[in-house]
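Descriptive analysis of the structure
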Amino acid sequence: MDYEIGNDIEKVLIDAPAIKVRLAELGKQIAADYTGKELLMVGILRGAAVFYADLARLIPLPLHMNFMAVSSYGQGSESSGAVRIYYDLNEDIKGRDVLIVEDIVDTGLTLKYLSETLSARKPASLKTCCLLDKPARRKVDFTPDYIGFTVPDEFIIGYGIDYAEMYRNLPYIGVLKRTVYEK
Ligand code: IMP
């Protein structure tokens, strides 16, 4: 399928078949690690929505779904550094096995903050899973428990990930042309 916004894409980094293969592996690994448990998957809106929906269907365990929304880059391409919760969980996670599902770990600020915030609510366990890890940009010491792909320091869009709320519906993970966000 041709996407009208295809001209804004510098290159495809990870195509749809490769995403599918990696997600199947991740699903298997998570299912093995949580066998006998009842997993609560907490998706971080909106970037993780596409990844979350595909991943959840590859984990054949009793599983609860819930979501949180936090601030990210807003309309720009640079993180403000401040993390704000716009929408919090509407249930108690005390004693639960919680897996936070995020799109990208960049500076690490968001997931570190969320991990600390949710840990304080005393879950039985808390792990983090990200589709993409950009370790080159890390500002705080944070390593996700599950990583889909490690990516270079480029501005990424597609498969749920946006620039100024666009490109989330691309079925692949791509690099945005600099001219799009530098104009
Ligand atoms: P962190 O707090 O710096 O780790 O950034 C986390 C959030 O920044 C992610 O959840 C994304 O929403 C956003 N982000 C980081 N890198 C990119 C990117 O390359 N493209 C689009 N959004 C990004």
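Heads up: these notes are all about the structure in this document. (Residues numbered from 1 in each chain as written. Predicted model: local features only at pLDDT ≥ 70, side-chain atom pairs only at ≥ 80, totals over all residues. Heavy atoms only, no water.)

1. Some points on the sheet that holds strand E5 (residues 97–105)
Two strands in a sheet stick together by hydrogen bonds in their backbones, pointing the same way (parallel) or opposite ways (antiparallel). Test applied: When DSSP locates at least two bridges between a pair of strands, those strands are taken to pair. Each helix is a run of DSSP H or I of at least 4 residues and each strand a run of E of at least 2, with the numbering of both proceeding from the N terminus. A fitted line through C-alpha atoms serves as each axis, taken over the contacting stretch for helices, and the angle formed by two N-to-C directions is quoted from 0 to 180°.
Spatial strand order, E4-E3-E2-E5-E6-E7: 6 strands in an open sheet with mixed pairing. Taken across any chain shown, the strands that pair with only one partner, and hence form the sheet edges, are strand E4 (85–87) and strand E7 (146–150). Within the sheet, the average angular offset between the axes of one strand and its neighbour, ignoring direction, is 30°. Alignment of strand E3 (residues 63–70) against E4, held across 2 bridges, turns out to be antiparallel. Residue pairing for E4: Ala-69 is matched across the bridge by Tyr-87.

2. Side note on the environment of Gly-36
Tracing the chain through its elements places Gly-36 in the loop between helix H1 (16–33) and strand E2 (39–45). Considering only alpha carbons, one finds Gly-36 and Gly-174, 138 residues apart in sequence, at a separation of 37 Å.

3. Observations regarding the packing of aromatic side chains
By convention here, two paired aromatic rings are described through the distance between centres and the angle between planes. Threshold: When two rings of Phe, Tyr or Trp (its six-membered ring) have centres within 6.5 Å they constitute a pair, described as stacked for plane angles under 30 degrees, edge-to-face for angles over 60, and tilted for the intermediate range.
Applying the stated criterion to the full structure yields 4 aromatic pairs. Pairing Tyr-52 with Phe-67 gives two aromatic rings, centres 4.7 Å apart and planes at 50°, and the pair type is tilted. Here Phe-67 lies in strand E3 and Tyr-52 lies in helix H2 (residues 49–56), a separation of 15 residues in the sequence. An angle of 55° between the planes, with centres 6.0 Å apart, marks the rings of Tyr-163 and Tyr-181 as tilted. Pair noted here: Tyr-163 is in the loop between strand E8 (156–157) and strand E9 (173–176) and Tyr-181 is in helix H4 (residues 178–182), with a separation of 18 residues, a long-range link.

4. Some words on the site of the ligand
How we decide: If a single non-hydrogen atom of a residue is within 4 Å of a molecule or strand, that residue counts as near it. We call two N or O atoms a polar contact when they sit within 3.5 Å, provided that within protein one can donate a hydrogen and the other can accept it, with sequence-adjacent residues counted only if both atoms are side-chain atoms. Residue-level accessible areas treat just the shown protein chains as cover; the underlying method is Shrake-Rupley with a 1.4 Å probe.
In the vicinity of the ligand there are 17 residues, among which Asp-103, Thr-107, Thr-110, Lys-134 and Ile-156 approach most closely. Side-chain polar atom of Lys-134 to an oxygen atom of the ligand: 2.8 Å apart, as the coordinates give it. At 2.7 Å, a backbone N or O of Ile-156 approaches a nitrogen atom of the ligand. Here the ligand loses 95% of its free accessible area of 490 Å² to cover by the protein chains. For the shell around the ligand, the secondary-structure elements that each account for two or more residues are E5 and helix H3 (109–119). The greatest single-element share of the shell around the ligand, amounting to 4 residues, is contributed by E5.

5. A short note on unusual backbone geometry
A cis geometry characterises the amide bond from Leu-45 onward to Arg-46, with omega recorded as 0°. Structurally, the position occupied by Arg-46 is in the loop between E2 and H2. At Lys-122, a residue that is not glycine, the phi angle is positive and equals roughly 60°. Looking at the secondary structure, you find Lys-122 in the loop between H3 and strand E6 (125–133). One non-glycine residue, Tyr-159, lies in positive phi territory at about 50°. Of note, Tyr-159 is situated in the loop between E8 and E9.

Read these as layout, nothing more, since geometry by itself doesn't imply function.
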